[in-house]
Amino acid sequence: MNIADLQQQAEEMVEWLAAYGADPEGGVTRLLYTSSWIEAQQAMDRKMRAMGLDTYYDDAGNLFGRIASEDPEAGTILTGSHVDTVKCGGKYDGAFGIIAGLLALRYLKETYGPPKRNIEVVSLCEEEGSRFPLTFWGSTNITGTAPTDHIAQIRDSEGIPFVEAMNKAGFGLGHYRSPLRKDILSFIELHIEQGAILEREQTTIGIVEQIVGQKRLTIECSGEANHAGTTPMGWRKDALRGASQMIVAIMEAADRRGAPLVATVGKIEVEPNVSNVIPDKAAFTLDIRHPQGDVLDAFCEEAVAICFAAAQDRGLQVKVNQHLDVRPVGMDASLLRSIETICQAQGLPYRLMPSGAGHDAQIMAAHYPTSLIFVPSHRGISHNPAEYTSKEDLAAGVQVLIRLLYELGYEKETIS
Ligand code: GLV
Ligand code: MN
Ligand code: MN
């Protein structure tokens, strides 16, 4: 394969996909089931077919491109990542894993013809949790672990119910096949690192050993709206003041616990959000991550206790809703060794590393042998329009993926 062509194709496809949901400020916003998301999936479907793959959707909105084996009973090797983005995100997060899979499958089909096992690339419908208080909607539907109980209640920040948005996009109505999969033999996700380790160490490939555990909560404080000029400080039930006290105390507790624990308050909503009214409602999100499940649990309990103590102190009501709890998870050791061998054979500098970011691979890993492979992120910047990976690094990742998919799809008689 001509490496210069692969570099150019990878770069062009990243730009092509980034046009769907392009923000005027240079970022990309493709939230689940919005028009930019629908257009991106439809464009990806056309692209997959133009590149010689058979395509289909499942009823959650995941899109698959397939090279079928001649043996209909053969299982499936799955690669891919998520098509949704955070608000004003970058061009590579998620998108690169889909594009890499597409380029790899086209090359394998054109070069080797039908594989021993089906090989599919998936454009997963949602991973980020950016529109609804819901994450990993694509991969949890595939593994049969999607939450069902509170789906009817959840809404986006404009009040649009999740189910209405899904149905309007054409999904959740039984028009497509069930997302649940029993035929997957391995899942391989290629992704940008979203950190600066590979670039600083001038290493091209990161082979992930473990993905951190993660909890996400929403904390809602309720007090009493009142006049900003006539209500003495000591008589107020100021929801935002209480929320601020909670946030500062949680951040101090996180500092005390130290690395590798990380805690983030990324979103605050205040009501009535008027300059001369004491807020009666303040809600904030809390994202907590740690590679050890027991530390994650203990810190989460500490944070919740801080919230209740501050609420009592300020005469407020507080409601805590945990909407994500994923455990730390190890990647498959045998796949990891195969990738090491591939990097050595291709002369690519590599290292083993953990992932602090969440990935669909952590959902898949509980069900199928799974691997997560990183390429460098320039200056470690991600969830930001400035996200960037060079075409040389993109192509190196695709080459590793091609070789791994070849071994899994065409070569090995059995898969452990
Ligand atoms: C997903 O990108 C996350 O780690 O928040
Ligand atoms: Mn992301
Ligand atoms: Mn991602």
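Residues numbered from 1 in each chain as written. Chains lettered and ligands numbered in written order. Predicted model: local features only at pLDDT ≥ 70, side-chain atom pairs only at ≥ 80, totals over all residues. Heavy atoms only, no water.

A. Geometry of the site of ligand 1. Surrounding ligand 1, one finds E127, E128, R216, R289, A357, G358 and H383. Between ligand 1 and the protein, one listed contact pairs an oxygen atom with a side-chain N or O atom of E128 at 3.0 Å. In the model, an oxygen atom of ligand 1 is placed 2.7 Å from a nitrogen or oxygen of the R289 side chain. (Near = heavy atom within 4 Å. Polar contact = N/O pair within 3.5 Å; in protein donor to acceptor, adjacent residues only side chain to side chain.)

B. Structural detail: the packing of helix α9 (residues 333-346) against helix α11 (residues 391-411). Contact geometry for α9 and α11: axes closest at 10 Å, N-to-C directions at 125°. When the axes of α9 and α11 are compared, the pair comes out oblique. Relative to α11, the crossing made by α9 is right-handed. On α11, the residues touching L335, S338, I339, I342, C343 and Q346 of α9 are Q399, V400, R403, L404, E407 and L408. Residue composition of the contact of α9 with α11, by class: seven nonpolar, three polar and two charged. (Axes fitted to C-alpha atoms, helices over the stretch in contact; angles between N-to-C directions. Helix = DSSP H or I, 4+ residues; strand = E, 2+ residues; numbered from the N terminus. Parallel < 35°, antiparallel > 145°, perpendicular 65-115°, else oblique. Left-handed = near helix turned anticlockwise from the far one by under 90°. Contact = heavy atoms within 4.5 Å. Nonpolar A, V, L, I, M, F, W, Y, C, P; charged D, E, K, R; others polar.)

C. Structural context of the coordination of the manganese ion (ligand 2). The coordination sphere of the manganese ion (ligand 2), as far as protein atoms go, consists of D93 (OD), E128 (OE), E128 (OE) and H383 (NE2), spread over 2.0 to 2.7 Å. On the basis of relative accessibility, which here comes to 5%, the residue D93 falls in the buried class. Look at H383 and you get partly exposed, because its relative accessible area is 43%. (Donors = N, O, S within 2.8 Å, 3.2 Å for Na, K, Ca; no water. Buried < 20%, exposed > 50% of the residue type's maximum accessible area, 1.4 Å probe, protein only.)

D. Spotlight on the coordination of the manganese ion (ligand 3). Bound to the manganese ion (ligand 3) are the protein donor atoms H82 (NE2), D93 (OD) and H191 (NE2), situated 2.0 to 2.3 Å from the metal. Every donor residue of the manganese ion (ligand 3) comes from the same chain, spaced as H-x10-D-x97-H. Between the manganese ion (ligand 3) and the manganese ion (ligand 2) the interatomic distance comes to 3.6 Å, and D93 is a ligand of both metals. One end of the pair, H82, is in strand β3 (residues 76-82); the other, H191, is in strand β5 (residues 184-192), and 109 residues separate them in sequence.

E. Expanded view of the pairing of strand β6 (residues 205-211). Within β6, five of the seven residues are buried, which leaves the element mostly enclosed by the surrounding structure. Relative to strand β15 (residues 350-355), β6 runs parallel, the two sharing six bridges. Opposite G206, over in β15, you have R351 as the bridge partner. Summarising the sheet, β6 and strand β14 (residues 329-330) pair through two bridges and their orientation is antiparallel. Residue Q210 lies in a different strand from β14, and its bridge partner there is G330. (Pairing = 2+ DSSP bridges.)

F. Summary view of unusual backbone geometry. Backbone torsion omega between A259 and P260 reads 5°, so that peptide bond is classified as cis. Summarising the element assignment, P260 is placed in the loop between α7 (239-257) and β9 (262-264). A positive phi angle, near 55°, is found at C88, a position not held by glycine. Positionally, C88 belongs in the loop between β3 and α3 (95-112). With a relative accessible area of 26%, C88 lands in the partly exposed category. In this structure, F136 is a non-glycine residue whose phi angle is positive, near 55°.

G. Quick look at the side chain of R181. With respect to the secondary-structure elements, R181 resides in the loop between α5 (162-168) and β5. By relative accessible area, R181 is classed as buried at 3%. Separated by 2.8 Å, the side chains of R181 and Y56 make a polar contact. A polar atom in the side chain of R181 sits 3.2 Å from the side chain of E120. In this view, R181 contacts Y56, F64, T76, E120, I142 and Y368; residues no more than four positions away in its chain are not counted.

H. Just the environment of L336, in detail. Summarising the element assignment, L336 is placed in helix α9. The class for L336 is buried, based on a relative accessible area of 11%. Separated by 16 residues in the primary sequence, L336 and L352 have C-alpha atoms spaced 8.8 Å apart.

I. Region of the structure containing the packing of aromatic side chains. The full count for this structure, using the stated rule, is 16 aromatic pairs. Note on Y56 and F64: the rings are 4.8 Å apart at their centroids and 5° apart in plane angle, and the pair reads as stacked. The same class applies to Y56 as to F64, namely buried. With a centroid separation of 4.9 Å and 85° between ring planes, the pair formed by W137 and F162 is classed as edge-to-face. (Phe/Tyr/Trp six-rings, centres within 6.5 Å; stacked < 30°, edge-to-face > 60°.)

J. Layout of helix α8 (residues 293-314). The end-to-end C-alpha distance of α8, which contains 22 residues, comes to 32 Å, matching closely the 32 Å that a straight helix rising 1.5 Å per residue would cover. Inspection of α8 places G293, V295, L296, F299, C300, A303, I306, C307, A310 and A311 among the buried residues, and these make up the whole buried set. Relative to the axis of α8, the buried residues are bounded by an arc of 160° and lie together on one face. Set apart from the buried face of α8 by more than 90 degrees, the exposed residues are D294, E301, Q312 and D313. Residues of α8 that are buried sit in contact with β7 (213-222), α7, β9, β12 (281-290) and β13 (317-326). Residue G315 follows α8 closely and has a positive phi angle near 65°. (Expected span 1.5 Å × (residues − 1). Arc of directions from axis to C-beta.)

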